[in-house]
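Structural features, examined
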Amino acid sequence: MVTIAPEYSQKRSGAYFTPADVAGSLVSWACRKSGDRMLDPSCGDGEFLRHHPNSVGIEQNPLSAHEAIARVPGALVHEGDFFAWAADTSERFEAAAGNPPFIRYQTFKGDMRRRALALCQQLGASFSGLASSWAPFLVATAGLLQRGGRMAFVVPAEIGHAPYAAPLLEYLVASFSTVKVVAVREKLFPGLSEDCWLLFADGYGSRTDAIEFTALDRFVGAFEPPPADIRIDVGEWRRVWNCRLRPYLLPASVRGLYAEVALNGESRRLGDFAQVGIGYVSGHNEFFHLRPSEAKRWKIPAALLQPSLRNGRAMPPGPLTSDTVAAWKQRDDKVLLLRLRRGDDLPLAVKQYLDSSAGHEARQGYKCRNRTPWYAVPDVQVPEYFMSYMSGRAANLVNNKAAVTCTNSVHGVHVRDAGLASKFLPSWSSPFVRLSCEIEGHALGGGMLKLEPREASRILFPGDPIAGRTSHEEVSDGVIRLQRWRHYAN
Ligand SMILES: C[S@@+](CC[C@H](N)C(=O)[O-])C[C@H]1O[C@@H](n2cnc3c(N)ncnc32)[C@H](O)[C@@H]1O
């Protein structure tokens, strides 16, 4: 049996190979003449090279590199890290095509990330340490094109919303005469939860002030990318849409309404009157949350137990009241957070609980080992509202009327301006605010909508009634459209 070194595991190295019709279409667009020299910076087993053997492929996994060599003898395949090779080579290419590895920042680290970010910096693109590997791959690849060269790549749909997609797209519009993004709703890789879009850039060495954008329900193999639905003005993309392409999945009328509301002086973003943050990280949920029956058995004083909203599923549809907490206790749910502070005089019962075998196990965890004392859970807060972090149909916002705290599985919303909060929050369930959640949040996979705190802070509330300018149906249709793009089945 062949054993694969951990760094080459499919997940850690982002090794998901591209279907033949997708690879064939991208290569036939990028390579205009048989004499064009093509680069695939992460060639895997050679699927892209196979369509145009006058190519150079780089692949870090020796097994895949050897498969590519055997499969496409006419191509030149280098085994190793693309960024190390790119920093050294003096070769320049007419074309590039491929499917870069999607390695998240937690795994994309060490020398490879240092080399990647340094190379991108030299080329004029600055990525933070939170960038996934694919974005630096594309910048470093573009830097190896000849003047007038072009490239065609599979990209994760994150290009439509991730903060690190902005420096990539800024680099592309400053380096190519045409930049086209094709959003594809149906999965290009049926086995993967990740959605993929396509990127086409032509005329390296020039610049453009527009991104051509097309939204397709499904990919159809072709020699040319589909015509653009819209030419996105880069200034508008920066100013109105926070450097995101996702809003362009909506019809122009709905986008126009949203932009108008965003620019209206009477409208407010959630972050204008409230602060959105995640709840506490206990370090060992099983140990730090007790059932009422456990608390009773251990004789833990009630003053040291704080009811806590553990996750979105426990969120009631309406306000969270003392009745909600009574129901949790009635069911003997694990909802009582052991809330101890540094310097507290610990009662004997608590000392015994901390000294139990479960307590000894809990203190070995990373979070507990790295705080003093290990049992004091930090950042326990009582927000005025809770908001779901991940949701199916719609993000939920509930009033915290029972002075409950929450874990980091939900957001706490702390009101800073009570007047604005009472003016705007009642419209939370309106079609417009739901549309805003869809626009400012992002698809997580599996049909879920995720709202990071920075995204939730941008949720937009109209100051004036919007009726008359666009119908509620149009706005509701916009919500359904974005739900379909995140694969939520209505
Ligand atoms: C998404 S797969 C694409 C493979 C091929 N282009 C295809 O689409 O069929 C990404 C490939 O990148 C390789 N890879 C990951 N990091 C790399 C690096 N730093 N340099 C070169 N190849 C790398 C992985 O081993 C994997 O084969």
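Residues numbered from 1 in each chain as written. Predicted model: local features only at pLDDT ≥ 70, side-chain atom pairs only at ≥ 80, totals over all residues.

So, about the overall build of the chain. Each helix and strand counted, the chain has 21 helices and 22 strands in total. Within the chain, the fraction of its 490 residues that count as buried is 43%. A separation of at least 24 residues holds for 73% of the contacts in the chain among residues at least 6 apart in sequence. (Helix = DSSP H or I, 4+ residues; strand = E, 2+ residues; numbered from the N terminus. Buried ≥ 20, exposed ≤ 12 C-beta atoms within 10 Å, placed from the backbone. Contact = placed C-beta atoms within 7 Å.)

Right, let's get into the nonpolar core. Core analysis: the largest hydrophobic core is formed by 132 residues, its most contacted members being A30, A97, M151, L168, W197 and F386. The residues touching L168, leaving out its near neighbours within four places in the chain, are A125, A135, L138 and V139. (Core = buried A, V, L, I, M, F, W, Y, C linked by C-beta atoms within 7 Å.)

Here we come to the sheet that holds strand β21 (residues 448–450). If you trace the three strands from one edge of the open sheet to the other, you get β16-β21-β20, paired in antiparallel fashion. The outermost strands of the open sheet, each flanked by one partner alone, are β16 (390–391) and β20 (442–445). Sheet topology note: the β16/β21 ladder contains two bridges and is antiparallel. In the strand pairing of β21, M390 is matched with K450. (Pairing = 2+ DSSP bridges.)

Taken as a whole, the chain is organised into domain 1 (6–249) and domain 2 (276–485). Relative placement of domain 1 and domain 2: their C-alpha centres are 38 Å apart. Contact residues are listed per partner, giving nine residues for domain 1 and ten residues for domain 2. Residues of the side of domain 1 that touches domain 2, tallied by class, amount to two nonpolar, three polar and four charged. (Domains from an automatic or database assignment. Nonpolar A, V, L, I, M, F, W, Y, C, P; charged D, E, K, R; others polar.)

If you walk across this open sheet you meet the four strands as β11-β19-β15-β17, and the pairing is antiparallel. With partners counted over all chains shown, the strands left at the sheet margins are β11 (274–278) and β17 (397–399), one partner each. Neighbour to neighbour, the strand axes of the sheet diverge by 25 degrees on average, direction disregarded. Pairing between strand β15 (residues 385–388) and strand β19 (residues 410–415): four bridges, direction antiparallel. By the bridge assignment for β19, F386 is matched with G412. (Axes fitted to C-alpha atoms, helices over the stretch in contact; angles between N-to-C directions.)

Turning our eyes to something else, we now look at the site of the ligand. Around the ligand, the structure places 24 residues, and the nearest of them are F17, T18, S42, G44 and N99. Across the shell around the ligand, the residue classes break down as ten nonpolar, ten polar and four charged. (Near = placed C-beta within 6 Å.)

For helix α19 (residues 431–440), a buried count of nine out of ten residues is recorded, marking the element as mostly surrounded by other parts of the structure. Among the residues of α19, F432, V433, R434, L435, S436, C437, E438, I439 and E440 are the ones counted as buried. Packed against the buried residues of α19 are α10 (252–263), β21, α20 (453–456), β22 (460–461) and α21 (472–485).

Its place among the elements puts R218 in the loop between β8 (210–216) and β9 (230–233). Take R218: there are 9 C-beta atoms within 10 Å of it, and that puts it in the exposed class. Considering only alpha carbons, one finds R218 and L188, 30 residues apart in sequence, at a separation of 8.1 Å.

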